[in-house]
Structures are given as structure tokens and as C-alpha cells.
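# Close look at the chain arrangement
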Amino acid sequence: MTDKLTQESILAALSKVQEPELHKDLVTLNMVRNLEIAGDNVSFTVMLTTPACPLRGQIEKEAKQAVMALGAKSVQVKLDSDVPNDGRMRGLVNMPIRNAIAVGSGKGGVGKSTVAVNLAVALAQTGARVGLLDADIYGPNIPTMLGVEKLPPPNGNKLVPAQAYGLKMISMGLLVKPGQPLIWRGPMLNSAIRQFLGDVEWGELDYLVVDLPPGTGDAALSLAQALPLSGAVIVTLPQLVSLEDASRGLQMFRALEVPILGVIENMSFLDLPDGTRMDIFGSGGGEQLAQATGTLFLGKIPIDQNVRIGGDSGKPVIVSNPDSPVAKVLTEIAQKVAAQISIAALGGKNELPINIVE
Ligand code: ADP
């Protein structure tokens, strides 16, 4: 046995390995767990802050190399994840929901619900526990997009969410009779939504994705205010007129002190079969908005008829065409959003104790 293989030396080696997104090392972030040293063989778990970590392979490789360099014969690195809990949901509505992510837009028809659905499915595909709340009371079309017609029977006085593609979904649109207008307003909406959330049997969730009504009107404002949101993403189209609306949406979240996780540009371009690219709605607007407002640009989603077909047929494009460029962009966006949630949650905490199994 090499006498270099001690807890101290291994942790010192792992403290040189950075979590590339959080820009801190694995030891400082308390990610090293269950360290076991048996002779020249070492094993430990790296506890990531999200199962949607795109750089998990890199972290695993660097952690392994760092310990191998100490002279270990074998190093087993297990990857696990524990999504940080921002505590707001638990505090306010007493729900075991770790993070609520709002998807907002300056106006309707920009693809907000499409992004919300695919973001939620992409997160669920990584193994995260995900809920999707369709709070767009003007156009509650998420049930159609997920192929859900009705909710399961309630459990006592608790609403049971529908299950689709590995996530749990509730739509406020499924709670009223078809064709009946929803007339919740202002303060009534505010208390209704909290009660509503508390009446749903979500179970433990890592992420609750919330599809908000478009714009900055009464309904969007009341809902954004009533929900203890961890952060919001803004969906916009590339053209300037749309950007002014999106900018107002962004300012609404700022005014409510909801962190902006980033800007997504939808319907950015159309790739034609002959290889040319058309900027149907202009170009670069989303990036411009992100830059002008000091927020992160999360990505450009192309126009693809499979997105619309997926929405109409109840099978999101990320499931129906997983290898398409549009599905890949949506997956990358989901990973970036998860990383932003981790960064926001762990930003201030870097002095956590280390847990070691002897
Ligand atoms: P919003 O929630 O902002 O009102 P939706 O998500 O309902 O918008 O999208 C409006 C319509 O545009 C839907 O039919 C949807 O399938 C379609 N759509 C959204 N994004 C794209 C895209 N990138 N490519 C093609 N169609 C899209």
C-alpha cells in the first residue's frame, strides 16, 4: 500500500478538481461522499447538484485521474446527484418542491408552452423528479401537448397529477369545464394558486416548471407573485417588436425579485433541405436582449415542423425526434437552466463539512 493514500491526500487531490459550471472545487462544494480506502483501491461518490449536469463525464474523469496520480491501483467514482433546495416553496406553501422555474414571455404565441413542456421532459429524462404546472389560464394547452385528457381520480381531497413522459403535470385548464372562461383575478388568483398548489399530491420534486400566462398583465403578475419562484426563463422571438415585450416580461420578474435564469430565442431560423438557413423572424434579438439586460443567453431554438406536430399529437419533439437538432438544443437549454439553479442555490455556500465513511 502506498502511504500517500490517506483521506487527507485524497481530499487534497480532489480539491484541485473544479466543478466547471460552479467554478469551485469538489471538496469546497461538499461533493465528495462515501470515501473508502481499501489498500490501494479507492472509491467515492461525487454528489452533483443536478442529474442534468452535461459535464458529468469530465468531472468523473478528472476526479479519477487526480486520485490515480497519488498511486492508487483502482479508483471507482460513482456519480449521484442531490438537487439543492432553495427552500422558498417549502417555506411558503409547505410543499416538498425544491425549485420552481417559471417560463414567461412578453406575449402569446412565441412558444412559451412548447419550451416549458420540452424543458420539463428534458429534465425528467435525466432522472430528476419533475412537475409541470400549467398556469397559463388564457391558453392552457399543455394537456394537449402531453396527450393528457383528464386527471386521475383525486386521492381524498388531494388532486393527483397526471403522469406523462416521466413527469407529473397539473393544468388549471383541466379543472374547469371545457369552454368555460376562467375568471380568477388579482388577489383571488393569488390565494387560489397557493391553495391549489397545496392541494396537489406532487410528492418530492427537484424541479417544478411553471408555464405562466403570457405578458405582464394581471394574471401573469399575480401568479408570479403568488408562487415562490427560484428563477424565471424568458422566451422571445428574434425580432425587435417581440423583444420590447420580452423586455417588459423580464422587468416584471426583476421587480418581483425573481432571479432571471436566462433568455431563450425561439423560432430563430429555418434550415432548408438544400442547406440554406432562413431568418424568418430576423436574427440575434434574443442575444441582444440578454446582453442589454445582463442576463444569460440560453440558446436558439430553430423552427421545425416536428415541434408543432409534437405539440399537436401529444408527443413532445424531444421524445418523438430525440436526435434532431431542435431536440438537442432543447436538451442543452434544460442543462443550462439546471446549472443556473445550482449556481443560484450554492452561490454563497462554500464552507460545508465533509462527510466521510471510514
Ligand atoms: P405560447 O405558449 O407562447 O402561446 P405555444 O408553445 O403554444 O406558444 O406555441 C405556439 C405554436 O407554435 C404551437 O403550435 C407550437 O407547436 C408552435 N411552435 C412553437 N415553437 C416552435 C418551433 N420552434 N418550430 C415550429 N413550431 C413551433
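Scroll up to find the structure this text is about.
Because the structure is predicted, anything quoted here is derived from the model rather than measured.

## Focus: the layout of surface pockets
- As a volume, the largest pocket reaches approximately 340 Å³.
- Lining the largest pocket we find 24 residues, and of these Gly111, Ser113, Thr114, Asn141 and Met145 sit closest to its centre.
- The residue inventory of the lining of the largest pocket, partitioned by class, reads seven nonpolar, 12 polar and five charged.

## Quick notes on unusual backbone geometry
- Although it is not a glycine, Asn34 sits at a positive phi angle of roughly 50°.
- Positive phi, normally seen in glycine, also occurs at Glu257, with a value near 60°.
- Note on placement: Glu257 falls in the loop between helix H8 (240-255) and strand E12 (260-266).
- On the basis of relative accessibility, which here comes to 69%, the residue Glu257 falls in the exposed class.

## Topic: the packing of aromatic side chains
- Throughout the structure, instances matching the rule amount to zero aromatic pairs.
- Positioned above the aromatic ring of Phe269, the side-chain terminus of Arg277 is 3.6 Å from the ring centre.

## Some details on the environment of Gln335
- Locating Gln335 in the fold gives a position in helix H12 (residues 325-346).
- Measuring from C-alpha to C-alpha, the distance between Gln335 and Ala52 comes to 5.3 Å, with 283 residues separating the pair along the chain.
- The contact partners of Gln335, leaving out residues within four places of it in the chain, are Ala52 and Pro54.

## A short note on the site of the ligand
- If you check the shell around the ligand, you find 17 residues, and the closest are Gly109, Lys112, Ser113, Thr114 and Pro302.
- In the model, an oxygen atom of the ligand is placed 2.9 Å from a nitrogen or oxygen of the Gly111 main chain.
- In the complex, 83% of the free accessible area of the ligand, which totals 570 Å², lies under the protein chains.
- Put simply, the parts of the chain that give the shell around the ligand at least two residues each are helix H4 (112-125) and helix H10 (305-313).
- Across the shell around the ligand, the residue classes break down as seven nonpolar, seven polar and three charged.

## Quick word on the nonpolar core
- Ranked by internal contacts, the top residues of the largest apolar core, which has 85 residues, are Leu123, Leu132, Leu133, Leu146, Trp202 and Phe253.
- Apart from the residues lying within four places of it in its own chain, the contact partners of Trp202 are Met95, Ile97, Gly131, Leu132, Leu133, Pro161, Lys168, Ile170, Leu197 and Leu208.
- Membership of the second largest hydrophobic core comes to 28 residues, among which are Val32, Val42, Leu48 and Leu79.

## Observations regarding empty space enclosed by the protein
- Enumeration according to the criterion identifies one cavity of 30 Å³ or more in this entry.
- Taken as a whole, the largest cavity spans an internal volume of roughly 50 Å³.
- If you go around the largest cavity, the residues you meet are Glu19, Glu21, Leu22, Thr49, Thr50, Cys53, Ala339 and Ser342.
- A breakdown of the residues in the lining of the largest cavity according to their chemical character gives three nonpolar, three polar and two charged.

## Quick look at the pairing of strand E4 (residues 41-48)
- The buried count for E4 comes to six of eight residues, which makes it a mostly enclosed element.
- Examined bridge by bridge, strand E3 (residues 32-38) and E4 share five bridges and lie antiparallel to one another. Counted as the bridge partner of Arg33 is Thr45 from E4.
- Between the end of E3 and the start of E4, which pair antiparallel, lie two residues, with Gly39 showing a positive phi angle near 65°.
- Judged from the eight bridges that link them, E4 and strand E5 (residues 74-81) form a sheet pairing that is parallel. Pairing of Val42 across the sheet is with Val75, part of E5.
- Crossover connection from E4 via helix H2 (residues 56-68) to parallel E5: handedness right-handed.

## Considering the sheet that holds E5
- Ordered in space as E3-E4-E5, the three strands form an open sheet in which the pairing is mixed. One side of each edge strand has no neighbouring strand; the edge strands of this open sheet are E3 and E5. Here the strands of the sheet are splayed against their neighbours by 10° on average, with no regard to which way each runs.
- Contacts from helix H1 (residues 7-14) reach E3 and E4 within the one sheet, and its direction differs from that of E3 by about 135°.
- Packed on one face of the sheet, H2 meets E4 and E5 and runs near 145° to E5.

Definitions and cut-offs
Here, residues in each chain are numbered from 1, in the same order as that chain's written sequence. Only residues with pLDDT of at least 70 are given local features in this predicted model, and only at 80 or more are side-chain atom pairs given and counted; all residues enter the totals for whole chains, interfaces and linings. Hydrogens and waters are ignored; side-chain quantities use all the structure's heavy atoms. Put plainly, a pocket is an open set of points on a 1 Å grid over the protein atoms alone with protein on both sides within 12 Å along at least five of seven lines, a cavity is a set where a 1.4 Å probe fits but cannot get out, and a lining residue has an atom within 4 Å of a point. Grid points are joined across faces, edges and corners, and a volume is the space filled by probe spheres set on the points. Under the grouping applied here, Gly and all other residues not named as nonpolar or charged are polar, the nonpolar ones being Ala, Val, Leu, Ile, Met, Phe, Trp, Tyr, Cys and Pro and the charged ones Asp, Glu, Lys and Arg. Secondary structure is summarised from DSSP: a helix means a run of H or I of at least four residues, a strand means a run of E of at least two, and numbering begins at the N terminus for each. Categorising residues by exposure relies on relative accessible area from a 1.4 Å probe, with only protein chains included: less than 20% of the type maximum marks a residue as buried, more than 50% marks it as exposed, and the intermediate range marks it as partly exposed. Paired rings are identified among Phe, Tyr and Trp, the last through its six-membered ring, by centres lying within 6.5 Å, and are further divided according to the angle between planes into stacked (under 30 degrees), edge-to-face (over 60) and tilted (the rest). Placement of a charge over a ring requires the Lys NZ or Arg CZ to be within 6 Å of the ring centre, with the centre-to-atom vector within 35 degrees of the ring normal. Two residues qualify as a contact provided that any one of their heavy atoms is within 4.5 Å of a heavy atom in the partner residue. Only heavy atoms are used to decide nearness, and a residue is near a molecule or strand if one of them lies within 4 Å of it. Any pair of N or O atoms that falls within 3.5 Å is considered a polar contact. Within protein, one atom must be able to donate a hydrogen and the other to accept it, and sequence-neighbouring residues count only if both atoms are side-chain atoms. Note on areas: these come from Shrake-Rupley sampling with a 1.4 Å probe, and a residue is covered only by the protein chains present in the view. Only buried residues count toward a nonpolar core. Its members are Ala, Val, Leu, Ile, Met, Phe, Trp, Tyr and Cys residues joined through side-chain atoms within 4.5 Å. DSSP calls a pair of strands paired once it identifies at least 2 bridges connecting them. Consider the strands pointing away from the viewer: the crossover is right-handed when the path from the first strand over the helix to the second runs clockwise. For helices, the axis comes from a line fit to the C-alpha atoms of the stretch in contact; other axes are also lines fit to C-alpha atoms, and the angle between any two N-to-C directions lies between 0 and 180 degrees.

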